[in-house]
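This is what each chain is made of:
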Amino acid sequence: MDSDLEYEDAEPQLDNEASPVVVNDGSAEEPAPASANSVVQDSPEKEQNAEDQAAASEAVEDVGAKKLTEVENGAAAPELVPESSNDNNGADETTGATEGIRHGRQTNRAFSLDNARRKALILEAEGKEDLDFSCNILVLGKIGVGKSATINSIFGEEKTRTDAFNSATTNVREIVGDVDGVKIRIIDTPGLRPNVMDQGSNRKVLSAVKKFTKKCPPDIVLYVDRLDSLSRDLNDLPLLKTITAVLGSSIWFNAIVALTHAASAPPEGLNGAPMTYEVLMAQRSHIIQQSIRQAAGDMRLMNPVALVENHPSCRRNREGQKVLPNGQSWRHQMLLLCYSSKILSEANSLLKLQDPNPGKLFGFRFRSPPLPFLLSSLLQSRAHPKLSAEQGGNEGDSDIELDDYSDVEQDDDEEEYDQLPPFKPLTKAQLVRLTKEQKNAYFDEYDYRVKLLQKKQWKDEIRRLKEMKKRGKTDLDDDYMYANITGENDQDPPPENVSVPLPDMVLPPSFDCDNPTYRYRFLEPTSTVLARPVLDAHGWDHDCGYDGVSLEETLAILNRFPANVAVQVTKDKKEFSIHLDSSIAAKHGDNASSLAGFDIQTVGRQLAYILRGETKIKNIKKNKTTGGFSVTFLGDIVATGLKVEDQLSLGKRLSLVASTGMMKAQGDTAYGANLEARLKDKDYPIGQSLSTLGLSLMKWRRDLALGANLQSQFPIGRGSKIAVRLGLNNKLSGQITIRTSTSEQVQIALLGLVPVAASIYRSFRPSEPSFAY
Ligand SMILES: Nc1nc2c(ncn2[C@@H]2O[C@H](COP(=O)(O)OP(=O)(O)OP(=O)(O)O)[C@@H](O)[C@H]2O)c(=O)[nH]1
């Protein structure tokens, strides 16, 4: 291993996906699943951890070698006479080794226990100076699990009383002794109770433990439980949470789980047959480790597990040491684990790793702010909130965009619909009697007229809004009321806000009668707050899948400033996430508007608080320029970002949006740029065809992510539509999706049977090459 540890320069890899918008879940620990719209960032922490752990292992090899052998060989002094000499004492050696790692002096050497033992034998045979190594161990655990018995086993003599029926340890006490030349100080504690109701008394015990540990801080925490208790769920979580609440979550960073009764016959499993030893051990270890992770609130913790058997008639090896059913001497292994953990912890603090929790042992931390994720969210183009018609605004695109339709009045085909000859729709019975050509001609005429009517209605609406804008809403309303009263009303009444039922939820790809989507429909909301359940699309089969709720509200603050608040909260057994998006806008004359926003987002396991602001100015008729900034507070990290965006309309159909920006935190900077071109139907939104091409570029540290994304939807014939989506990135991975929907061609729906038929065929002929659908 090359131990040139430049922690600040850890180089996380950007893994790219084609995308105009670079998205990341922001977790520095858990990379987000890649999607067509995402650039996923590998965890810098993963690489860092591996490097740190390996580096620290080397420190242990050097420093711990001597003690490891003492433990392995009992107190017996080896007969070897050394050729080399080393006068360093333990502390100097620890410092030297760890300093060596820090300055990159370590050479490539594989860690091996044999090497360590050999080196330790030499050092011991020298025998000039003892290492003066000691270890303070705090023993915690439920009542009667074998804490005191384990302590007695460690010392090899009865140092503390055990009791099979009553609580044997009633107060916190210290037991000191010498184990194979190592000074061990153990803090024995009264047993804790797992019931929720007993947490008050646990708290008292733990407060006493806390007082004691202030005087004598433990190097290692031994959390004792029984291997043979058949608990499959997280029953002990209340107890573990109480321990965390009183002693702090750092108590778990140097904790080792000790499982007693390790030589007992495994109990019966759920199916009535006895479990195998390995299954039992894996199951118990997993449950306890998982509970500790939850209690500590750190899902990366992986506390080592040591097996213990205290029964006096436990099988022994030739050296007289108690052994487990697998033949291993558990006491040496457990002590080895304790000593190496302590040394590793010391090495860690000497290396001064960037660790917010000093002394943290089993999960080295390195937090790097997810700059690409923050930058991509800053670069997203945002529509400024508008006042709705009821709020005194002119509904829809009120501030600048209305002018985009300035040519509405000059359109030649404006009156086309009114000039059409009368048309009488045919009944079904009449339609049946038509020939195929007549039918086609009839439907062509019908579609043409529908399109012209929609166009006319849309233009009327635009004209009305422009009129309102010109004269002010109140004037218009007064005129309208006056006209009504005097009977001179020759205008259409302003269309009322038609309430539209909420669209149905996305249906799952295959039918499942348990899925609530098939059973419930949403009612139209009557209040201004729009509340909807959020479906988790990646849920389990037959799972309800609704783990979240989203709320949206549009407000007019002081009747002048339009504001939007949208919050989505998702919570399941394991995770909680919140996404709040709030903005308020203010107009400056006709050609500029500003927006201020406050967002809260779950990034990894932290909450990010984002303050942002931007101003949009319409500098020439078809061009809008936006300048914006954001300040993100993520734990103790503050990331600041800037962006510039330009929106340009080229004719009626083509629009371009280009944005560029940077995000900075802790001396680290990410740069990004997005370009989006949008080609609309001539009659958009009446005509539905729309194509979007997006390009994105993100540079962070030495990684460059480039993505391209093309989306296009267009109608074919009367009742069919095709949507194509294509994504590609600079690592040449991507995705193509083609979606066709039709209300006419049954034969297209039948194409869906092809994959089914193919998979049936494959199940009969497994040797045939397979195809991916
Ligand atoms: N067979 C077997 N029995 C054990 C083992 N460890 C402890 N025991 C027995 O379990 C009973 C309780 O052990 P203790 O050491 O008193 O348990 P404790 O956790 O210290 O109990 P409190 O101090 O009361 O909380 C005693 O009868 C021990 O002999 C083990 O590994 N195997």
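Right above here is the structure, for reference.
Computed from a predicted structure; not experimentally measured.

## Structural notes on the sheet that holds strand E6 (residues 220-226)
- Reading across the sheet, the 6 strands line up as E4-E5-E3-E6-E7-E8 and stay open at both edges, with mixed pairing between neighbours. Edge positions in the sheet fall to strand E4 (173-179) and strand E8 (305-307), since each of these pairs with one other strand and no more. Neighbour to neighbour, the strand axes of the sheet diverge by 30 degrees on average, direction disregarded.
- This element, helix H7 (residues 277-296), spans E6, strand E7 (255-260) and E8 of the sheet and lies at about 140 degrees to E7.

## Re the pattern of salt bridges
- Applying the stated rule across the entire model yields 19 salt bridges.
- Between Lys142 and Asp225 there is a salt bridge, with the nearest N and O atoms lying 3.5 Å from each other. Here Asp225 lies in strand E6 and Lys142 lies in the loop between strand E3 (134-141) and helix H4 (147-155), a separation of 83 residues in the sequence.
- Take Asp225: its relative accessible area is 1%, and that puts it in the buried class.
- Arg463 is the partner of Asp460 in a salt bridge, and the nearest nitrogen-oxygen pair spans 3.2 Å. Taken as a pair, Asp460 and Arg463 lie in helix H12 (residues 436-471) at a separation of 3 residues, close to a single helical turn.
- Look at Asp460 and you get partly exposed, because its relative accessible area is 29%.
- Several salt bridges converge on common partners, so that one network encompasses Lys142, Asp225, Asp236 and Arg284.

## Structural notes on the site of the ligand
- The immediate surroundings of the ligand are formed by 21 residues, with Lys147, Ser148, Ala149, Thr169 and Glu309 found nearest.
- Separating an oxygen atom of the ligand from a backbone N or O atom of Gly144 is a distance of 3.2 Å.
- At a separation of 2.8 Å, an oxygen atom of the ligand approaches a polar side-chain atom of Ser148.
- For the ligand, whose accessible area on its own is 650 Å², the fraction buried by protein is 86%.
- No other element matches the 3 residues that H4 contributes to the shell around the ligand.
- Residue composition of the shell around the ligand, by class: 6 nonpolar, 11 polar and 4 charged.

## Quick word on the pairing of strand E20 (residues 703-716)
- Two strands pair when backbone bridges link them, and strand E19 (residues 690-700) and E20 are joined in this way by 11 bridges, in the antiparallel orientation. If you follow Leu693 over to E20, its bridge partner there is Leu710.
- Across 10 bridges, E20 lies against strand E21 (residues 720-729) in antiparallel orientation. By the bridge assignment, Gln713 is partnered in E21 with Ala723.

The rules behind these values
- Residues numbered from 1 in each chain as written.
- Predicted model: local features only at pLDDT ≥ 70, side-chain atom pairs only at ≥ 80, totals over all residues.
- Heavy atoms only, no water.
- Pairing = 2+ DSSP bridges.
- Helix = DSSP H or I, 4+ residues; strand = E, 2+ residues; numbered from the N terminus.
- Axes fitted to C-alpha atoms, helices over the stretch in contact; angles between N-to-C directions.
- Contact = heavy atoms within 4.5 Å.
- Salt bridge = Lys/Arg side-chain N within 4 Å of Asp/Glu carboxyl O.
- Buried < 20%, exposed > 50% of the residue type's maximum accessible area, 1.4 Å probe, protein only.
- Near = heavy atom within 4 Å.
- Polar contact = N/O pair within 3.5 Å; in protein donor to acceptor, adjacent residues only side chain to side chain.
- Areas by Shrake-Rupley, 256 points an atom, 1.4 Å probe, with all protein chains shown as cover.
- Nonpolar A, V, L, I, M, F, W, Y, C, P; charged D, E, K, R; others polar.

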